[in-house]
Structure formats: C-alpha cells, structure tokens
Amino acid sequence: MSLIDSHAHLTFDVLASDLAGVLARAAEAQVAHIVTIGTGLEDSQRAVELAAAHADVSAVAGIHPHEAAEVTRQHLDGLRNLLDSPHVVGMGEMGLDYHYGFSDRLSQRRVFEAQLDIASSRQLPLVVHCRDAVRDTVSILSAAGFDRRPVVFHCFTGTREEAEVIDDHGWRISFTGIVTFKNAAALQDIARTYPADQLMIETDCPYLSPVPVRSAKANEPAHLVHTARFLADLRDEAFDTLAAKTAANTRRFFALA
Ligand SMILES: [Zn+2]
C-alpha cells in the first residue's frame, strides 16, 4: 500500500525549512511520491531543483493566477525553458481565481491563455486552480483546444453541476482535506460517487490540514493518510483499495515512472 500526494508546495518556507523531516514523515506515512507544484517562475525553478534532488518528488511548473498581474514576457520564456527539464511532469498551477482577486481578471486571463498557448504544443497534463470562476476557466480551456486532454481542477470545492461540466469536457477534479471538514456535505456527496478510475487526492500543503489534524500549523504530505482514510470510509471501500486506485490514477495522469 502506498499513497501519492498529487499536489503539494514543498518549496514554501514552512515545509522547505524542514524538508528532510517532511519527507521522512511522508515515507513513514506510506506516501511514496509527492508532486510539488510551482506557483510562479522562481517557485517553479525551486520545485524542479527539489525534484532533481529527490527521487520521490516530481515537479509541476507554472504561474498561479494570484501572480498574474506581475507576469512579463520574460517570465513566460523562463517557464517555457523550464518545461524541458525531465523532472517536470505537468504544467500549473494555472487558472483563474475570482474569489481573492489578488490579480485583476484581465491579467489572470492573459496569463492563463499564454500558458495554454505554451502547453498546446506539449504533452504535459495541466493542473488548474479555479476559484469562483468555473465558467470562464472552462470556456478558456475549451477554446484553447484542451477538451479530452489531461486536465485536473485541483482542490475542487464547486457544485455537482460544475463537476459534471468538467467531466463533460473529459477533465477531472481532485480532493484535498476540505472533504473531511464537517461543513463539506455537498463536496462529500460528489466524492462519494466520483468515478474510481479518475479519483486523485492531494494535501495542497502547507494549506488545508485535514480532520483530525486540522489545527496543525502546517499541513504536510504525511497527513494525506487522513484524507485517504476518510474517503475510503465515505465510499465504503477498503483503505488499501482506495490508496492503490488513487496512486495508480495519479501515476497515469502525470505519467510517473
Ligand atoms: Zn496549490
């Protein structure tokens, strides 16, 4: 039995400052592989370095919508170069966040479309961040030709209708520790019947510590086991079955060795 954390931010200070401990606790908790996700050019460069140094870590490189207002042509060129690294298994996280609005919407759409333009000629799967922006995210992805290509809407917290729209385009959603929260009944309903051959799980650490470690000051990959156990109970599956399926789905999605 082993788990894969499909979305972590190992480069963020609170985790990077104790990386050896974080990786040791992950291994102890049967988390066999971690996909660390870039949020900007420099952060993506750090993610690639980290993956190069650790066989059980892979990197995804991209620019988060929060950063979009600052992005220049040089950033996009740098990102394009970074994608040639053998340690990069996907592009992201990219997308739209209308909830926080740290960058204006026009910049967000510009940077999302620019990254899709880079992605269109490559075979890399996409990790999409989408908050209160499903309609625009779906229409931009679809217009850019990504229907039926490997795309995950990570940390999904939308409605069943939105999950169905995403499914209609041949894309998938993935689940964080949010699904373990008491007030997450609607999301639990979606997770209960989500197709077993698509299901992927993630910590999104250092954010979103799951129940029962919700008060932990930083989430980390070792905590993935709590989300996996919760989902196994919710779906009335054996823990080992759920672990094996989600790991296999994640390996296939990112074409991990
Ligand atoms: Zn993230």
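Rules of the game
- Residues numbered from 1 in each chain as written.
- Predicted model: local features only at pLDDT ≥ 70, side-chain atom pairs only at ≥ 80, totals over all residues.
- Heavy atoms only, no water.
- Helix = DSSP H or I, 4+ residues; strand = E, 2+ residues; numbered from the N terminus.
- Rg over C-alpha atoms; globule rule 2.2 N^0.38 Å.
- Buried < 20%, exposed > 50% of the residue type's maximum accessible area, 1.4 Å probe, protein only.
- Areas by Shrake-Rupley, 256 points an atom, 1.4 Å probe, with all protein chains shown as cover.
- Lys, Arg positive; Asp, Glu negative; His and termini not counted.
- Charge placed at Lys NZ, Arg CZ, Asp CG, Glu CD.
- Donors = N, O, S within 2.8 Å, 3.2 Å for Na, K, Ca; no water.
- Tetrahedral: all angles 85-135°; square planar, octahedral: opposite > 155°, others 65-115°.
- Disulfide = S-S within 2.5 Å.
- Contact = heavy atoms within 4.5 Å.
- Salt bridge = Lys/Arg side-chain N within 4 Å of Asp/Glu carboxyl O.
- Phe/Tyr/Trp six-rings, centres within 6.5 Å; stacked < 30°, edge-to-face > 60°.
- Lys NZ or Arg CZ within 6 Å of the ring centre and 35° of its normal.
- Core = buried A, V, L, I, M, F, W, Y, C linked by side-chain atoms within 4.5 Å.
- Pairing = 2+ DSSP bridges.

Trainee: Can you help me understand the overall build of the chain in this one?
Mentor: Secondary structure summary: the chain contains 10 helices and 7 strands in total. What you see for the chain is a C-alpha radius of gyration of 17 Å, in line with the 18 Å of a compact globule of 257 residues. Per-residue burial for the chain yields a buried fraction of 58% across its 257 residues. Accessible surface, the chain as shown: approximately 11,100 Å² in total, 50% of it carbon and sulfur. For the chain, the centre of its 23 positive side-chain charges and the centre of its 34 negative side-chain charges are spaced 2 Å apart.

Trainee: Can you walk me through the coordination of the zinc ion in this structure?
Mentor: Ideal geometry at a metal gives 109.5 degrees between four tetrahedral donors and either 90 or 180 degrees between six octahedral ones. The protein atoms that coordinate the zinc ion are His7 (NE2), His9 (NE2), Glu93 (OE) and Asp204 (OD), at distances of 2.1 to 2.5 Å. Around the zinc ion, the 4 donor atoms are arranged such that angles at the metal cover 88 to 177°; this shape is classified as irregular. The motif formed by the donor residues of the zinc ion, counted along the single chain, is H-x1-H-x83-E-x110-D. Here the residue His7 occupies a position in strand E1 (residues 3–8), and Glu93 occupies one in strand E4 (residues 88–97), the gap between them amounting to 86 residues. By relative accessible area, His7 is classed as buried at 1%.

Trainee: Just to check I follow, could you spell out the state of the cysteines for this structure?
Mentor: Every disulfide links exactly two cysteines, by a covalent bond between their sulfur atoms. Summed over the entire model, instances satisfying the criterion amount to 0 disulfides. Here Cys205 is not cross-linked by a disulfide; its sulfur's nearest cysteine counterpart is in Cys155, at 12 Å. Take Cys205: its relative accessible area is 0%, and that puts it in the buried class.

Trainee: How should I be thinking about the side chain of Thr137 in this particular structure?
Mentor: As for its placement among the helices and strands, Thr137 is situated in helix H6 (residues 134–143). A residue is classified by how much of its surface remains accessible, and Thr137, at 0% relative accessible area, is buried. Discounting chain neighbours no more than four positions away, the residues touching Thr137 are Leu96, Phe112, Val128, Cys130 and Phe153.

Trainee: Before we go on, may I ask you to explain the pattern of salt bridges in this structure?
Mentor: Once their charged atoms are close, side chains differing in charge can pair, the charge on each being opposite to the other. Under the definition given, this model contains 9 salt bridges. Here Lys245 ties to Glu237 by a salt bridge, and the two come within 3.4 Å at their closest N and O atoms. Taken together, the salt bridges that share partners define one network made up of Asp18, Arg25 and Glu220.

Trainee: Help me understand the packing of aromatic side chains in this model?
Mentor: How two aromatic rings sit relative to each other is set out by the distance from centre to centre and by the angle between their planes. Per the counting criterion, the structure on display carries 5 aromatic pairs. Between the aromatic rings of Tyr100 and Phe102, the centroid separation amounts to 5.3 Å while the plane-to-plane angle is 25°, which identifies the pairing as stacked. Judged by centre distance (4.9 Å) and plane angle (85°), the rings of Phe253 and Phe254 are edge-to-face. Of the two residues, Phe253 and Phe254, both sit in the buried class. The ring of Tyr98 carries Arg105 above its face, with NZ or CZ at 3.9 Å from the centroid. Above the plane of the ring of Phe239 lies Arg229, whose end atom (NZ or CZ) is 5.6 Å from the centre.

Trainee: Would you mind going over the nonpolar core with me for this structure?
Mentor: Proteins that are soluble and globular tend to have nonpolar side chains buried together. In this structure, Leu10, Leu126, Leu141, Phe153 and Phe175 are the most contacted members of the largest nonpolar core, which totals 75 residues. When neighbours within four sequence positions are excluded, Leu126 is seen to be in contact with Met91, Met94, Leu116, Ala119, Leu141, Phe146, Pro150, Val151, Val152 and Phe253. By size, the runner-up hydrophobic cluster in this structure holds 12 residues, among which are Val35, Val127, Ala247 and Phe254.

Trainee: Would you mind showing me how to read the pairing of E4 here?
Mentor: Remember that side chains alternate between the two faces of the sheet whenever the strand is regular. Judged by how many residues are buried, E4 sits mostly within the fold: 10 of 10 residues are covered. Both strand E3 (residues 57–61) and E4 contribute to a ladder of 3 bridges, which runs parallel. When the bridges of E4 are listed, Ala61 appears paired with Met91. The sheet contact formed by E4 and strand E5 (residues 126–131) spans 5 bridges and is parallel.

Trainee: Quick question: what am I supposed to make of unusual backbone geometry here?
Mentor: Glycine aside, the phi torsion of most residues is negative, and most peptide linkages are trans. Cis peptide bonds are those with omega within 30 degrees of zero, and the linkage from Cys205 to Pro206 qualifies with 15°. With respect to the helices and strands, the residue Pro206 is situated in the loop between helix H8 (185–192) and helix H9 (224–234). Note that the residue after Val211, namely Pro212, is joined by a cis bond; omega there is 10°. Structurally, Pro212 is set in the loop between H8 and H9. With phi around 60°, Leu208 is a residue other than glycine that occupies positive phi space. Relative to the assigned elements, Leu208 resides in the loop between H8 and H9.

Trainee: What is the right way to read the sheet that holds E4 from this model?
Mentor: Strand pairs in the sheet, formed through backbone hydrogen bonds, run parallel or antiparallel to each other. Read across the open sheet, the 7 strands follow the order E1-E2-E3-E4-E5-E6-E7; overall the sheet is parallel. If you trace the sheet from one side to the other, it starts and ends with E1 and strand E7 (172–173), each paired once. Bridge count for strand E2 (residues 31–37) against E3 is 4 bridges, and the pairing is parallel. Paired with Val35 across the two strands is Ser58, which belongs to E3.

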